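Overview (structure and organization)
Okay, here's what each chain looks like letter by letter:
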Amino acid sequence: HRQYSIFAIPRSVFEALPNYFRSRPLPPVAQAVLWDAAVQLFLLQLDENAPAQKITQTLGLLKEGGRFEDFASALWAIHNGKMTEAIGPLSRLVSDDSLPAGLSPRLNELKLLLARAYYETEKYSESIRVLDQVDKRSNELILALINLSWAHLMAGHHANAIGAAL
């Protein structure tokens, strides 16, 4: 949330967010803005360690939210230590060539999360495959290389583990 911050949304808007979702039908652009705002609220709630009930209510706003729902549900699964549940939504996000504008700057971060979920579930070859897809110009590259080295090591590819670390 802090790394990809947006303009500050007043707390009153977040508190009224469920009311905006009741205004149906909404034009697709307006719906995307609401889903993006709900994701920002979700991230804020995670950051503030909000009660699970509040976070679950916010996740409910993202139903039928496509990639916005995938993003939040993956992070919620990871937050709760349920890496297997995070793999599906993260895979959809990483393979989507047209991520919403609010999520596209996070693509390499999403790849790292997916690779970590594979690693945690002992799917090392899948982790390696995803880590190899991290953009070489990305700020996430250092973390990708460290994780790549560990994934190779756990997969028994010792020469590759050393090469990734260099």
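Anything mentioned here points back to the structure above.
Scope of this entry: the structure provided in the associated data block.

What counts as what
For every chain, the first residue of the written sequence is number 1, and numbering continues from 1 onward in sequence order. Predicted model: local features are reported for residues with pLDDT of at least 70 only, side-chain atom pairs are reported and counted for 80 or more only, and whole-chain, interface and lining totals are derived from all residues. The side-chain numbers reported here are obtained from all heavy atoms of the structure, hydrogens and water having been left aside. Strands here are runs of E lasting at least two residues and helices are runs of H or I lasting at least four, both read from the DSSP assignment and numbered beginning at the N terminus. Residue burial is assigned from relative accessible area. The probe radius is 1.4 Å, only protein chains are included, and a residue is buried under 20% of its type maximum, exposed over 50%, and partly exposed in between. A side-chain nitrogen of Lys or Arg and a carboxyl oxygen of Asp or Glu constitute a salt bridge if their distance falls within 4 Å. Every angle, taken between N-to-C directions, lies between 0 and 180 degrees, and every axis is a line fitted to C-alpha atoms, over only the stretch in contact when it is a helix. The scheme is simple: roughly parallel for angles under 35 degrees, roughly antiparallel for over 145, roughly perpendicular for 65 to 115, oblique for anything else. Working rule for handedness: look at the near helix, and if it is turned counterclockwise from the far one by less than a right angle, call the crossing left-handed; if clockwise, right-handed. Contact definition: two residues touch when any of their heavy atoms are within 4.5 Å. Here the term charged refers only to Asp, Glu, Lys and Arg, the term nonpolar to Ala, Val, Leu, Ile, Met, Phe, Trp, Tyr, Cys and Pro, and the term polar to all other amino acids, Gly among them. Joining through side-chain atoms within 4.5 Å is the link that ties buried Ala, Val, Leu, Ile, Met, Phe, Trp, Tyr and Cys residues into a set, and such a set is a nonpolar core.

A word on unusual backbone geometry
For residues besides glycine, phi is generally negative; the peptide bonds are generally trans as well. With a phi close to 65 degrees, Glu-64 is a non-glycine residue in the positive phi region. By secondary structure assignment, the location of Glu-64 is in the loop between helix H3 (52-61) and helix H4 (67-79). A residue is classified by how much of its surface remains accessible, and Glu-64, at 71% relative accessible area, is exposed.

Considering the pattern of salt bridges
Tallied over the full model, the rule gives eight salt bridges. The partner of Glu-120 in a salt bridge is Arg-116, with the nearest N and O atoms 2.7 Å apart. Highlighted residues: Glu-120 and Arg-116, both in helix H6 (residues 107-120), separated by four residues, approximately one helical turn. Three or more residues joined by partner-sharing salt bridges are found here, namely Arg-67, Asp-70, Arg-92 and Asp-96.

Considerations on the packing of helix H7 (residues 124-131) against helix H8 (residues 141-155)
Running from N to C, H7 and H8 point in directions that differ by 155 degrees, and their axes come no closer than 9 Å. Between H7 and H8, the angle is such that the two are roughly antiparallel. Crossing angle aside, the handedness with which H7 passes H8 is left-handed. Taken together, the residues of H8 that come into contact with H7 (itself represented by Tyr-124, Ser-127, Ile-128 and Leu-131) are Ala-144, Asn-147, Leu-148, Ala-151, His-152, Met-154 and Ala-155. Looking at the contact of H7 with H8 residue by residue, the classes come out as eight nonpolar, three polar and no charged.

Quick word on the environment of Val-94
With respect to the secondary-structure elements, Val-94 resides in helix H5 (residues 83-95). The spacing of Val-94 and Phe-71 is 23 residues in sequence and 10 Å in space, taken between C-alpha atoms. Excluding its chain neighbours within four sequence positions, the residues that come into contact with Val-94 are Leu-107, Leu-110, Lys-111, Leu-114 and Gln-133.

Section: the nonpolar core
If you look at the biggest cluster of nonpolar residues, it comprises 49 residues, and the most contacted ones within it are Leu-17, Phe-42 and Phe-71. Going through the elements one at a time, helix H1 (11-22), helix H2 (28-47), H3, H4, H5, H6, H7 and H8 are the ones with two or more residues in this core. Residue contributions to this core peak at 10 residues, all from H2. If we skip the residues at most four places from it in the chain, Leu-17 touches Leu-34, Ala-37, Ala-38, Leu-41 and Leu-61.

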